[in-house]
Amino acid sequence: IDSGYDCWLGYKRIADSALRESYAQYGSRFVVIGGEGDGDENGEGLGASSLLRTAGKELELALSSMLGSVTRERVSGAGMVVAGTFGSSSAFESLAGAYEPAELGEEGYVIHSSEEDGCIYLSAASERGVLYAVFHFIRLLQTDQQLEGLRIQEVPRNGLRMINHWDNMDGSVERGYAGNSIFYRDGRFIEDKSRIRDYARLLASAAINAISINNVNVHRQESKLITDEFLPDVAEVAGIFREYGVRLFLSVNYASTIEIGCLDTADPLDSGVAEWWKQAAADIYRYIPDFGGFVVKADSEFRPGPFTYGRNHADGANMLADALAPFGGEVIWRCFVYNCLQDWRDRKTDRARAAYDHFMPLDGQFRDNVMLQIKNGPMDFQVREPVSPLFGGLTKTNHLLELQIAQEYTGQQRHLCYLVPQWKEVYDFDTYASGAGSTVAEIASGRLFGRARGGIAAVSNIGDDLNWCGHVLAQANWYGYARLAWNPDLSAEQIASEWIRMTFGRDEELERIVLDMLLGSYSIYESYTAPLGVGWMVNPNHHYGPNVDGYEYSKWGTYHYADRLGMGVDRTVRTGTGYAGQYHAPVAERYESLADCPDELLLFFHHVPYLHVLHSGKTVIQHIYDTHFSGAEQAAELLAKWDTLASRVDSGRFEHVRERLAHQAEHACEWRDMINTYFYRKSGVADEQGRTIY
Ligand code: GCW
């Protein structure tokens with residue numbers, strides 16, 4: 001039974017013998033120059049660097065599994081795969097004319113098939129680039145690509161491509177939907193680290209280069225990760241990730257000086273506090289010389305922060321940045337700061353405004369080794385939100401885009417919801433910060449404003465379930481996140497096709513069906529949940545399942561304001577909270593205007609009567625009914641589509657996915673009925689088609 005543990009790195013033998021033979025012309029022999037030192041089974045080699053050793057092992061595994069056998073050579077020669085850094089061998093000299101090593105930077109690479117000597121060269125300026133070239137080459141084989149005439153040059157568009165874990169040391173995972181932590185159990189690190197190694201390998205295969213391994217809500221035990229008690233374990237884990245080119249970060253408790261130090265303050269301008277952090281940093285770097293740095297959630301949802309001392313977030317972030325700077329470390333400071341003790345009657349305070357209001361006045365005041373981490377939307381990873389106006393707002397501060405691979409509000413890995421289309425919309429969103437074409441992709445990377453640092457981080461969706469993600473098809477989100485982080489221009493379809501082939505093997509019919517399921521799933525999920533960008537409508541705390549008023553009267557600032565006349569949040573400048581004014585022209589005008597606001601965000605920006613007519617020609621209330629009926633129908637179709645694959649997918653993965661899709665189809669009906677009934681009763685307007693509304 002295939003559990004799905006291998007994800008997209010299953011390396012099944014290539015069944016088509018003609019294809020296998022054509023690959024074998026190159027792939028039956030390989031050499032990794034500088035990586036051939038792995039004499040003993042622990043990989044303690046003869047001076048080979050760990051990244052090249054990893055590259056060699058992976059090539060050996062992939063080629064031997066997919067082609068049947070492979071010979072590892074010690075020197076390069078004709079008719080083989082030759083991997084190594086440009087400078088390591090004269091074998092790569094022939095590439096010099098064809099590529100511009102300077103353009104490749106730290107992580108770029110080339111893949112070149114030479115007609116003259118029948119070799120495929122996998123080369124880069126750095127060893128990490130070689131590792132990425134190796135994985136890319138393997139992917140070509142997994143996806144049935146031609147190897148003749150390859151002229152590939154790849155450079156990542158984002159410098160930082162990070163995964164954030166919300167894992168706690170008791171073994172739980174905040175917003176985890178795939179079992180427990182692969183790092184911790186019962187307050188300590190898990191003894192057997194083999195799963196962490198398998199994880200690192202999957203990350204490297206998709207070129208993720210940074211990871212934070214503990215929850216941004218840093219509780220008591222986790223606060224001690226930066227102390228001698230746990231640093232040896234952290235160093236061991238960092239060592240595993242290092243072999244795969246992944247830098248390790250820790251989330252830290254802003255009030256560590258009080259929590260684990262013996263100071264009575266965490267005032268960032270207090271010299272004792274600054275000194276304490278300098279010492280803490282020095283300790284960490286003694287254990288982990290290439291430690292990435294800190295991720296910080298401060299003054300957010302009851303976490304401590306500089307506000308307690310009347311200081312601002314630049315004061316807090318810079319103090320930590322100064323402690324890390326001598327060692328090359330970085331501070332990733334989250335912008336998820338808002339008033340979580342609101343009153344629903346207060347229509348002026350707007351959670352959506354908060355991040356911009358807090359951080360815009362500080363633009364330009366942060367150290368160079370600080371990156372502000374901004375959630376894609378101004379609220380909180382809802383199925384539909386506008387893009388945070390801090391993108392395009394900030395111009396003088398390094399920042400990162402934060403996405404959530406974990407499906408907290410998008411079906412919790414029980415519903416199928418392929419998120420790449422949502423993320424594409426975020427990357428492609430034009431802020432007009434510096435004229436047309438000022439997309440989030442250009443901004444987050446740092447390119448548009450010439451920032452030295454930038455990139456993407458996302459909340460992990462993995463746990464210790466055998467298939468990592470709870471839902472086998474949710475692996476596509478993990479993979480897709482990483483691929484987009486490398487190149488936001490890849491299409492949702494390209495990524496999905498790639499993932500399907502690598503995960504399930506070559507089968508056109510299966511690819512057609514699964515592709516169709518994945519690509520439709522985000523819009524299906526949106527249809528039967530919260531309508532027109534209004535968000536929430538979920539059960540409090542765990543956030544699963546429909547509850548229209550679940551957050552309507554609570555203190556979190558999450559309201560839809562539905563009454564008998566209409567619904568939605570007025571965020572206009574003219575009559576509402578003014579949030580729409582945080583965007584540049586012409587975006588601000590588009591959202592401000594009831595006539596121009598896109599349908600899918602209408603209720604995010606405007607409070608309208610139920611009979612307001614959308615661009616689609618439907619009234620708001622009829623839209624709610626129609627999307628909920630059709631969404632539930634389409635959810636049932638997902639199951640029917642999957643059922644046609646019974647003979648094409650191994651029974652382990654087939655049954656597992658089937659069980660999830662059956663639940664989704666049923667749960668979508670619950671969503672449909674709860675939402676439709678609520679709004680039918682509120683509005684008193686009947687469904688034009690007279691369908692069943694309870
Ligand atoms: O959406 C909220 C989640 C919290 C999370 C928080 C955050 C880690 O419900 O579980 O806390 O966002 O992003 O900090």
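Residues numbered from 1 in each chain as written. Predicted model: local features only at pLDDT ≥ 70, side-chain atom pairs only at ≥ 80, totals over all residues. Heavy atoms only, no water.

The name given to the chain in an unreviewed UniProt entry is Xylan alpha-1,2-glucuronidase, with Paenibacillus taihuensis as the source organism. For the record of the chain, the UniProt heading Catalytic activity (unreviewed entry) holds the text "Hydrolysis of (1->2)-alpha-D-(4-O-methyl)glucuronosyl links in the main chain of hardwood xylans." Under the UniProt heading Sequence similarities (unreviewed entry), the note attached to the chain is "Belongs to the glycosyl hydrolase 67 family." (UniProt positions renumbered as here; feature names shortened; annotations may be inferred.)

## Things to note about the overall build of the chain
Within the chain one finds 21 helices and 18 strands. Its C-alpha radius of gyration of 26 Å places the chain within 12% of the 26 Å reference for a compact globule of 694 residues. Along the longest, intermediate and shortest principal axes, the C-alpha atoms of the chain span 80 × 65 × 50 Å. Taken over 694 residues, the chain has a buried fraction of 62%. Across the chain, contacts joining residues at least 24 apart in sequence account for 72% of those joining residues at least 6 apart. (Helix = DSSP H or I, 4+ residues; strand = E, 2+ residues; numbered from the N terminus. Rg over C-alpha atoms; globule rule 2.2 N^0.38 Å. Buried < 20%, exposed > 50% of the residue type's maximum accessible area, 1.4 Å probe, protein only. Contact = heavy atoms within 4.5 Å.)

## Focus: the sheet that holds strand β12 (residues 293-296)
The 8 strands lie next to each other as β7-β10-β11-β12-β13-β14-β15-β16, forming a closed barrel whose pairing is parallel. Taking the axes of each pair of neighbouring strands and ignoring which way they run, one obtains an average angle of 25 degrees across the sheet. Alignment of strand β7 (residues 160-164) against strand β10 (residues 210-212), held across 3 bridges, turns out to be parallel. Bridge assignment links I163 to a residue of β10, and that residue is I211. Sheet strands touched by helix α15 (residues 475-486): β7, β15 (399-404) and β16 (454-459). Its angle to β7, the strand with the most contacts, is close to 155 degrees. (Pairing = 2+ DSSP bridges. Axes fitted to C-alpha atoms, helices over the stretch in contact; angles between N-to-C directions.)

## Thoughts on the sheet that holds strand β1 (residues 29-32)
The mixed open sheet is built from 6 strands, whose spatial order is β2-β1-β3-β5-β4-β6. Looking at the sheet topology across the chains shown, the edges are occupied by β2 (71-72) and β6 (151-154). Both β1 and strand β3 (residues 81-85) contribute to a ladder of 3 bridges, which runs parallel. Residue pairing for β3: F30 is matched across the bridge by V81.

## As for empty space enclosed by the protein
Under the defined criterion, the tally for this structure stands at 12 cavities of 30 Å³ or more. Roughly 120 Å³ of volume is contained in the largest cavity. Looking at the largest cavity, it is lined by 15 residues, and the ones nearest its centre are C335, F336, A355, G377 and P378. Secondary-structure elements contributing two or more residues to the lining of the largest cavity are α11 (351-359) and β14 (370-375). For the lining of the largest cavity, the class distribution of residues is 9 nonpolar, 3 polar and 3 charged. (1 Å grid on protein atoms, 1.4 Å probe; cavity = no way out; pocket = protein on both sides within 12 Å on 5 of 7 lines; lining within 4 Å. Points joined across faces, edges and corners; volume = space filled by probe spheres on them. Nonpolar A, V, L, I, M, F, W, Y, C, P; charged D, E, K, R; others polar.)

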